[in-house]
Amino acid sequence: METLLFEQKGHVAKVTLHRPEAMNAFNYDMLSELGQVIESIRINPDIRVVVFTGSGDRAFSVGADLKERRTLTDSQVKRNIYKIGEVFTMVENLPQPTIAVLNGYAFGGGMELALACDFRFAADSVLMGLTETGLAIIPGAGGTQRLPRLIGEAKAMELILTARRLKAEDALLYGMLTGVAPVNFLQETVDRFIEQLLTTGPIALQQAKFAIKHGMNADLQTGLAIERKAYEITIPTEDRLEALAAFAEKRKPEFKGK
């Protein structure tokens, strides 16, 4: 791949947007490659947590590649918008928990990728925002839908309509981030969080995510039914029996995702 870096260490997959010369802006090639990587992660049972970050120390991603956009026809722009929305929905629908690590600027589509993830951590020096209206367009990769669901309609309306750029600490107060740390301690902070995720049962982790994601888009009774069905999937697993045995034997369980 030319625009992405991928590595897997143990049960953690790391996807790095790799166009540092363009501040990791999304061109069509990057979106296509990202879609391929996401599909491979989805079907890999050994991957339990997925991390997204950007190459270099300047940007997570500044969004769409505006230099490329100037060369595109209207139909090609529509193609790109459809593609970025499709790929970010694939990220959102991954069964594994996903974490965006914002090591630099996160504007436009970069912020929308972060919003498609389950958790977001940022260096305290980072600026971020959905800045599209300042370019006479609107967020087109889920920003107008995911941000209000995350922080509420009024706050999202304020940020999107003003194209406001937020400091990390302000974004944390708005409820957009899971955590903020000095840049030198950002990875350590994320690693501690990942360790917490990896102590849980892998099947239970995915089923809990499924129940939350799908239940939030349903009425309460439907959500409760979704929860029960998700719970039932964990009952016949070896991991559930291992947890009971470990409790009785006063030791840490060794989960295998089975």
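This write-up is about the structure you can find in this document. Predicted model only: the values in this text are computed from it and were never measured.

1. Some remarks on helix 9 (residues 202–215)
Thinking step 1. Between its first and last C-alpha, helix 9 extends 20 Å over 14 residues, near the 20 Å set by a 1.5 Å rise per residue.
Thinking step 2. P202, L205, Q207, K209, A211 and G215 are the residues of helix 9 that are buried.
Thinking step 3. On its buried side, helix 9 packs onto helix 3 (74–92), strand 5 (98–102), helix 8 (186–198), helix 10 (220–234) and helix 11 (238–248).

2. A look at the packing of aromatic side chains
Within a pair of aromatic rings, the relevant descriptors are the distance that separates the centres and the angle that separates the planes.
Thinking step 1. Taken as a whole and judged by the stated rule, the model has four aromatic pairs.
Thinking step 2. On the numbers, 5.4 Å between centres and 20° between planes, the contact of Y105 with F107 is stacked.
Thinking step 3. You can call Y105 partly exposed: its relative accessible area is 34%.
Thinking step 4. Classification of F107 as buried rests on a relative accessible area of 7%.
Thinking step 5. Put simply, the rings of F119, F121 and F193 pair up and form one aromatic cluster.
Thinking step 6. The ring of Y28 is capped by R79, whose NZ or CZ atom sits 3.9 Å from the centre of that ring.

3. Quick word on the packing of helix 3 against helix 4 (residues 109–116)
Thinking step 1. At a minimum axis distance of 8 Å, the contact between helix 3 and helix 4 shows a crossing angle of 30°. One element, helix 3, and the other, helix 4, form an angle in the roughly parallel class. Within the contact between the two elements, helix 3 uses F88, V91 and E92 and helix 4 uses G109, E112, L113 and A116.
Thinking step 2. Across the contact of helix 3 with helix 4, the residue classes tally to four nonpolar, one polar and two charged.

4. A closer look at the pattern of salt bridges
Thinking step 1. Throughout the structure, instances matching the rule amount to eleven salt bridges.
Thinking step 2. In this structure, R146 and E92 form a salt bridge, with 2.9 Å as the shortest nitrogen-oxygen distance. Placement of R146 in helix 5 (residues 143–151) and of E92 in helix 3 is noted, with a sequence separation of 54 residues between them.
Thinking step 3. Given a relative accessible area of 12%, R146 falls into the buried group.
Thinking step 4. Among the ionic pairs, E158 bridges to R164, the shortest N-O distance being 3.2 Å.
Thinking step 5. Each of R19, E21 and D65 takes part in a single network of salt bridges with overlapping partners.

5. As for the pairing of strand 3 (residues 49–54)
Thinking step 1. Of all six residues in strand 3, six are buried, a share of seventy percent or more.
Thinking step 2. Handedness of the strand 2 (residues 12–17)-helix 1 (residues 28–42)-strand 3 crossover: right-handed.
Thinking step 3. Note: strand 3 against strand 5, three bridges, orientation parallel. Paired with V50 across the bridge in strand 5 is T98.

Each value, and the rule that gives it
Sequence positions are assigned chain by chain, starting from 1 and proceeding in written order. Per-residue local features of the predicted model are confined to residues with pLDDT of at least 70, and side-chain atom pairs are confined, for both listing and counting, to 80 or more; whole-chain, interface and lining totals are unaffected and use all residues. Heavy atoms throughout the structure, all of them, feed into the side-chain values; hydrogens and water do not. Put simply, DSSP H or I for four residues or longer makes a helix, DSSP E for two residues or longer makes a strand, and each gets a number counted from the N terminus. Here the expected length of a helix is defined as 1.5 Å per residue gap, with one fewer gap than residues. Between buried and exposed lies partly exposed: a residue is buried under 20% and exposed over 50% of the maximum accessible area for its type, with that area taken using a 1.4 Å probe on protein chains only. Contacts are assigned to residue pairs with any non-hydrogen atoms lying within 4.5 Å of each other. Here a Phe, Tyr or Trp ring, Trp counted by its six-membered ring, pairs with any other such ring whose centre lies within 6.5 Å, and the pair is stacked when the planes are under 30 degrees apart, edge-to-face when over 60, and tilted otherwise. Definition used: whenever NZ (Lys) or CZ (Arg) falls within 6 Å of the ring centre and also within 35 degrees of the ring normal, the charge is taken to sit over that ring. Between N-to-C directions, angles span 0 to 180 degrees; the directions come from axes that are lines fitted to C-alpha atoms, helices contributing only their stretch in contact. Oblique is the label for every angle not falling under 35 degrees (roughly parallel), over 145 degrees (roughly antiparallel), or within 65 to 115 degrees (roughly perpendicular). Each residue is assigned to one of three groups, with Ala, Val, Leu, Ile, Met, Phe, Trp, Tyr, Cys and Pro labelled nonpolar, Asp, Glu, Lys and Arg labelled charged, and all others, Gly among them, labelled polar. By salt bridge we mean one thing: a side-chain nitrogen of Lys or Arg within 4 Å of a carboxyl oxygen of Asp or Glu. Whether a crossover is right-handed comes down to one check: with the strands pointing away from the viewer, does the path from the first strand over the helix to the second run clockwise; if it does, it is right-handed. Whether two strands pair depends on DSSP finding at least two bridges between them.

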